[in-house]
Amino acid sequence: MNYTIAAIPGDGIGPEVVREAVLILDKIGEEFNHKFEIKYALAGGCAIDEVGVPLPHETLKICQSSDAVLLGAVGGYKWDNTTAKVRPEQALLGLREGLNLYCNLRPALLYNPLKIASPLKEELINDGIDIAVVRELTGGIYFGNRGRFLEDGVEAAFDTEKYNKEEILEKYNILNDKKYIFSYICRISEQKRPMLLLEIIKKLKEKRDDFKVLVIGDGNLLPKMKAKANKLGLNENIMFLGNIENTEEIYKISDLTINCSLKEGLALTSYESLSVGVPVISSDVGGQKELINEEVGVIVPCMQNERDIYSEDYKDEEIAVYTQAIEKVLNNLEQYKSKCRKRILDKFTIKNMIKEMSKILEETQTNPNKDKIGNGKKLLDNINITKELITM
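As the structure is a computational prediction, the values presented were derived from the model and not from experiment. (Residues numbered from 1 in each chain as written. Predicted model: local features only at pLDDT ≥ 70, side-chain atom pairs only at ≥ 80, totals over all residues. Heavy atoms only, no water.)

(A) Structural detail: the side chain of Glu 318. With respect to the helices, strands and loops of the structure, Glu 318 is situated in helix α12 (residues 316–331). Given a relative accessible area of 1%, Glu 318 falls into the buried group. Excluding its chain neighbours within four sequence positions, the residues that come into contact with Glu 318 are Arg 193, Leu 196, Pro 301, Cys 302, Met 303 and Gln 304. (Helix = DSSP H or I, 4+ residues; strand = E, 2+ residues; numbered from the N terminus. Buried < 20%, exposed > 50% of the residue type's maximum accessible area, 1.4 Å probe, protein only. Contact = heavy atoms within 4.5 Å.)

Structure, rendered in structure tokens:
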């Protein structure tokens, strides 16, 4: 086999490392009948000294046309100036972006005979270490916009965590074979009515097959939900991703968030979804109606009594209302999306909510309401249930 390798010796120890690595490649070629064509290129501090930039266009062009890149090292004391506009390490960022290198693998290997030299405690490393760290390279704060500005006369700064949809789809191994993505993010339990979601998907699929539902979360009903999804033939339209700590990434690739809950306080998922610009379809429970108006989603009547929480006998009418709501939002999707974040900024920032709460407290103090005081005392008498409802 013939391969083209772009070799970038770079700075410091880099040239020595690359020289020895090329000798190893030559030996591999002899042993396994491969031929390696080595194309040398500049990058890092030496490139700044020679052509004025850390990553010359010609270097990136050579790397893009090669089968692999062999990089030594970049940087050193000579160019160690944090205020400089041109720095050696910019070559690394340029290579990552130019080659679309989503991640790198950083192996950590410690053999048993060498563990005495490790700073880690012996009981932690036992017979040695053999792990690999997968490090993200192109998303997040690496290439996001950043800067400083004045806010109410006070200097402030921002550092944007930037992703694109394709990166996130790749990260979670989501096949981008459907036009729309719906998110369902919650604890998979009776209160959230996951089996109702499956009936909604089944009904919607009779009309259209251009959507995929991402189920994020875990819970006692997850195995049953997976089994039923398989039985209903929904596997092409649903993915179970388990618990995900950074759900913001899921919202960023979603077109719609669905909430089927039988009871809620004010669902955090609805707040998060709208803040990222994703419309919400939610059952009419708790304070959902206060958050979700007709400009940013649809509130669907809840047609099941709370005492029937363990029942999975859902009314056809309720299923139909959900599917109609989904169709309604998709038919005007960009219009809904354009108003979601504005809804949060206008009404539900911490500053605005403190202001509204202060008004309510002042009004209550000025004009005491016996009914509200009575309701407050009842909540106090049932404080454990109250806490549960608040945190659901």
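(B) Local environment of the packing of helix α3 (residues 57–64) against helix α4 (residues 90–98). Between α3 and α4, the shortest axis-to-axis distance is 11 Å and the interhelical angle comes to 40 degrees. It follows that α3 is oblique to α4 by the angle criterion. Judged by the twist between their axes, the crossing of α3 over α4 is right-handed. Residue-level inspection shows Leu 60, Cys 63 and Gln 64 of α3 in contact with α4, the latter providing Gly 94, Leu 95 and Gly 98. (Axes fitted to C-alpha atoms, helices over the stretch in contact; angles between N-to-C directions. Parallel < 35°, antiparallel > 145°, perpendicular 65-115°, else oblique. Left-handed = near helix turned anticlockwise from the far one by under 90°.)

(C) The packing of helix α7 (residues 194–205) against α12, seen in detail. Close contact between α7 and α12 brings their axes to 9 Å; oriented N to C, the two are set at 60 degrees. Classified by the interaxial angle, the pair formed by α7 and α12 is oblique. α7 and α12 meet at a crossing whose hand is right-handed. Contact with α7, carried on its side by Leu 196, Glu 199, Ile 200, Lys 203 and Leu 204, involves Glu 318, Ile 319, Tyr 322, Thr 323, Ile 326 and Glu 327 of α12 and no other residues of that element. Its residues assigned to classes, the contact of α7 with α12 comprises 6 nonpolar, 1 polar and 4 charged. (Nonpolar A, V, L, I, M, F, W, Y, C, P; charged D, E, K, R; others polar.)

(D) Summary view of the sheet that holds strand β11 (residues 256–259). Read across the open sheet, the 6 strands follow the order β10-β9-β8-β11-β12-β13; overall the sheet is parallel. Looking at the sheet topology across the chains shown, the edges are occupied by β10 (238–242) and β13 (297–300). Looking at each pair of strands side by side, their axes are set apart by 20 degrees on average, direction ignored. Sheet analysis places strand β12 (residues 280–283) next to β13, joined by 4 bridges and oriented parallel. Considered in β13, the bridge of Ile 281 is made with Val 298. Contacts between helix α8 (residues 222–231) and the sheet are confined to β8 (180–185), β9 (211–216) and β10, with β10 contributing the most and set at about 160 degrees to the helix. (Pairing = 2+ DSSP bridges.)

(E) Just the pattern of salt bridges, in detail. For the structure shown, the criterion picks out 23 salt bridges. In this structure, Asp 210 engages Arg 208 in a salt bridge whose closest nitrogen and oxygen atoms are separated by 2.9 Å. Taken together, the shared-partner salt bridges in this structure form one network comprising Arg 208, Asp 210 and Glu 327. (Salt bridge = Lys/Arg side-chain N within 4 Å of Asp/Glu carboxyl O.)

(F) Just unusual backbone geometry, in detail. Phi angles above zero are rare outside glycine, and Asn 33 is one such case at about 60 degrees. By the secondary structure assignment, Asn 33 is in the loop between α1 (14–32) and β2 (35–40). Residue class for Asn 33 comes out exposed when judged on its relative accessible area of 64%. Even without glycine at this site, Arg 193 takes up a positive phi of about 50 degrees.

(G) How the structure looks around α3. Among the residues of α3, Thr 59, Leu 60, Ile 62 and Cys 63 are the ones counted as buried. Buried positions in α3, seen along its axis, are confined to an arc of 160 degrees and lie on one side of it. Looking at the buried positions of α3, the neighbouring elements they touch are β1 (2–10), β2, β3 (68–73) and α4. (Arc of directions from axis to C-beta.)

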